Amino acid sequence: MKRRRLLDTLFLCGLLVLCGASSAAQEDAQLHVPDIDRIRLAEAFRIADAFGDRVWFGWKEAPFAVLLVTPGTEFLIRHPRPSPDFVPLGYDSLLASEVYHRPRVFDVHLLATFPAVGGIPTIVIGQAENTESRTSSRWVLTIMHERFHQLQYHQPDYYVNVNRLDLSRGDRSGMWMLNYPFPYDSASVFRHFNLLARRLRETLLTEKPVFTVELNRYLALRREFKEMLSAADYRYFSFQLWQEGVARYTEIVLAGTLAAEYDPTPPFTSLTNYVSFVEEARNLRRGMFQRLRRMSFKEMRRDSFYAFGAAEALLLDRVRPEWKKDYFSDPFFLERYFEGE
């Protein structure tokens, strides 16, 4: 009798374990990347495959790891080394990737690239409706902005070179890149930077034959601005132009290329918040020129460097089209590319 009870107990325990495993399996089966996000991500991957190396040679070499943050779940896609806290969901043929999931950790509004999973620079991004992107097309372009950061971080000497800037002040988290005490509130710095930004805008819009004259005036004013800043502040200014400004430039250039040459897929154009890349390219350029007309350090702070750096990179395209070959080998100081040293 005791043996029978023992067998019954073991059978019941086994049944509960099986039921629990079955329930967990059913939950995983019900989990999936939302269809609208699958369409957006697939479009971003398609664009990267078709145009990435045309904009930046070697772009495909960097892992294209994405962590999509939804209100309850995070989905890891195209990641070469998932950490143990992620559970596999299976292969997604549209995304051409194994997909993993875990309960949400990051903010649903996040747009950033950092070693979030397994030490691999990962694009951590919320859904378009929860971010500043709003439209599906701008969200895809934002993915490509962050994708460019993956290329930057993929360079073998990136972190060594960043450390040589000596700007962290002991901060090993990397937050100094956001929180560095740049003199945004200095009235003289504010005035001179506004003047410099307007001069940059005018130079970029200047046609021949007076373009060279305007370029020289701009570069002279830029040297004056450098003299206003401490050596460390100038290194931070230059680093932000190199890193964030050129990432925004990449968005603008890619949007223009897509506007001229790319046919989006029907599933993508059928999304309710789809906007044509022609319109997005126009909006990005217009936004850059509007920012240059009047920079507000006190309000925009570090964000001021995005439009400014993008405009300088576009100016470099006119002055020295081969400047990109020096971008990774001689990093952080865009003015060097004007000189071709």
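One can find the structure itself at the top, above this paragraph.
Worth saying up front: this structure is predicted, and the values here are computed from it rather than measured.

Asker: What should I look at first to understand the overall build of the chain in this one?
Answerer: Broken down by element type, the chain carries 13 helices and 6 strands. Taken along the three principal axes of its C-alpha coordinates, the chain extends 100 × 50 × 35 Å. The proportion of buried residues among the 341 residues of the chain is 50%. Taking as baseline every contact in the chain between residues at least 6 positions apart, the subset at least 24 positions apart corresponds to 69%. Positive and negative side-chain charges in the chain, numbering 44 and 43 respectively, have mean positions lying 2 Å apart.

Asker: Quick question: what am I supposed to make of the nonpolar core here?
Answerer: Nonpolar side chains tend to gather and get buried jointly when the protein is soluble and globular. Core analysis: the largest hydrophobic core is formed by 93 residues, its most contacted members being Trp56, Phe182, Phe237, Met288 and Phe308. In terms of residue count, the dominant contributor to this core is helix α8 (residues 231-261) (13 residues). Ranked by size, the runner-up nonpolar core spans 9 residues in total, among them Leu67, Phe86, Ala116 and Val117.

Asker: Hey, could you run me through the pattern of salt bridges in this one?
Answerer: Working definition: two side chains of opposite charge can pair if their charged atoms are close together. Under the criterion given, the structure shown has 20 salt bridges. The salt bridge involving glutamate 214 is made with arginine 217; its shortest N-O contact spans 2.9 Å. Placement of the pair is glutamate 214 and arginine 217 together in helix α7 (residues 211-228), with a separation of 3 residues, close to one helical turn. Here arginine 217 falls in the partly exposed class, since its relative accessible area comes to 46%.

Asker: Help me understand helix α2 (residues 35-55) in this model?
Answerer: In a regular helix each residue adds 1.5 Å, so 21 residues correspond to 30 Å; α2 covers 29 Å between its end C-alpha atoms and thus fits that length. At aspartate 49, α2 shows its maximal kink, close to 45°.

Asker: How should helix α6 (residues 187-205) be read in this particular structure?
Answerer: Residues spaced three or four apart along an α-helix point in a common direction, a consequence of the helix completing one turn every 3.6 residues. Compared with the 27 Å implied by 1.5 Å per residue over 19 residues, the 27 Å span of α6 between its first and last C-alpha is a close match. Every buried residue belonging to α6 is among Val189, His192, Phe193, Asn194, Leu196, Ala197, Leu200, Arg201, Thr203 and Leu204, and all of these are buried. Summarising the contacts, the buried residues of α6 are in contact with α7, α8, α10 (277-293), α11 (297-300) and α12 (304-319).

Asker: Mind showing me how you'd approach the environment of leucine 151 here?
Answerer: Here leucine 151 lies in helix α3 (residues 136-154). Under the relative-accessibility criterion, leucine 151 is labelled buried at 3%. Beyond its immediate sequence surroundings of up to four residues, leucine 151 is in contact with Trp56, Gly58, Trp59, Ala62 and Phe328.

Asker: Is there a simple way to think about the pairing of strand β1 (residues 66-69) in this case?
Answerer: On a regular strand, one side chain projects to one face of the sheet and the next to the other, so that they alternate. A two-sided burial pattern is seen for β1, the buried positions comprising Val66 and Leu68 on one face and Leu67 and Val69 on the other. As consecutive antiparallel partners, β1 and strand β2 (residues 73-77) are separated by 3 residues.

Asker: I would appreciate a short explanation of unusual backbone geometry in the present structure.
Answerer: With the exception of glycine, most residues fall at negative phi, and the peptide bonds are largely trans. In this chain, lysine 208 is followed by proline 209 through a cis amide linkage whose omega measures 5°. Tracing the backbone shows proline 209 in the loop between α6 and α7. Positioned with a positive phi, arginine 78 is a non-glycine residue whose angle comes to about 55°. Turning to its location among the elements, arginine 78 is positioned in the loop between β2 and β3 (87-92).

Asker: Quick question: what am I supposed to make of the side chain of aspartate 37 here?
Answerer: As for its placement among the helices and strands, aspartate 37 is situated in helix α2. Within the structure, aspartate 37 has its side chain in polar contact with the side chain of glutamine 127 (distance 2.7 Å).

Asker: Sorry if this is basic, but what is going on with the sheet that holds strand β6 (residues 120-126) here?
Answerer: Whenever strands of a sheet pair, they do so through backbone hydrogen bonds, lying parallel or antiparallel. Pairing within the open sheet is mixed, and its 6 strands lie in the order β3-β4-β2-β1-β6-β5. Since the sheet does not close on itself, it has two edges, and those belong to β3 and β5 (111-117), each with one partner. Here the strands of the sheet are splayed against their neighbours by 30° on average, with no regard to which way each runs. Pairing between β3 and strand β4 (residues 97-103): 5 bridges, direction antiparallel. In the sheet register, tyrosine 91 faces β4, and the bridge partner there is glutamate 98. The sheet strands contacting α2 are β1, β2 and β3, and the helix crosses β1 at an angle near 155°. Helix-sheet contacts for α3 involve β1, β5 and β6, and the interaxial angle to β6 is about 165°.

Asker: Just to check I follow, could you spell out the packing of α2 against α3 for this structure?
Answerer: Each pair of packed helices gets described by two things: the angle between the helix axes and the distance between those axes. Contact pair α2 / α3: the axes reach a minimum separation of 9 Å and the direction vectors enclose 50°. What the angle tells us is that α2 and α3 run oblique. The two elements α2 and α3 cross, and the hand of that crossing is right-handed. Each of Arg40, Leu41, Ala44, Ile47 and Ala48 in α2 lies in contact with α3, whose residues at this interface are Ser136, Trp139, Val140, Ile143 and Met144. Residue classes in the contact of α2 with α3 are distributed as 8 nonpolar, 1 polar and 1 charged.

Each value, and the rule that gives it
- Residues numbered from 1 in each chain as written.
- Predicted model: local features only at pLDDT ≥ 70, side-chain atom pairs only at ≥ 80, totals over all residues.
- Heavy atoms only, no water.
- Helix = DSSP H or I, 4+ residues; strand = E, 2+ residues; numbered from the N terminus.
- Buried < 20%, exposed > 50% of the residue type's maximum accessible area, 1.4 Å probe, protein only.
- Contact = heavy atoms within 4.5 Å.
- Lys, Arg positive; Asp, Glu negative; His and termini not counted.
- Charge placed at Lys NZ, Arg CZ, Asp CG, Glu CD.
- Core = buried A, V, L, I, M, F, W, Y, C linked by side-chain atoms within 4.5 Å.
- Salt bridge = Lys/Arg side-chain N within 4 Å of Asp/Glu carboxyl O.
- Expected span 1.5 Å × (residues − 1).
- Bend = angle between axes of the 7 residues up to and from the residue.
- Pairing = 2+ DSSP bridges.
- Polar contact = N/O pair within 3.5 Å; in protein donor to acceptor, adjacent residues only side chain to side chain.
- Axes fitted to C-alpha atoms, helices over the stretch in contact; angles between N-to-C directions.
- Parallel < 35°, antiparallel > 145°, perpendicular 65-115°, else oblique.
- Left-handed = near helix turned anticlockwise from the far one by under 90°.
- Nonpolar A, V, L, I, M, F, W, Y, C, P; charged D, E, K, R; others polar.

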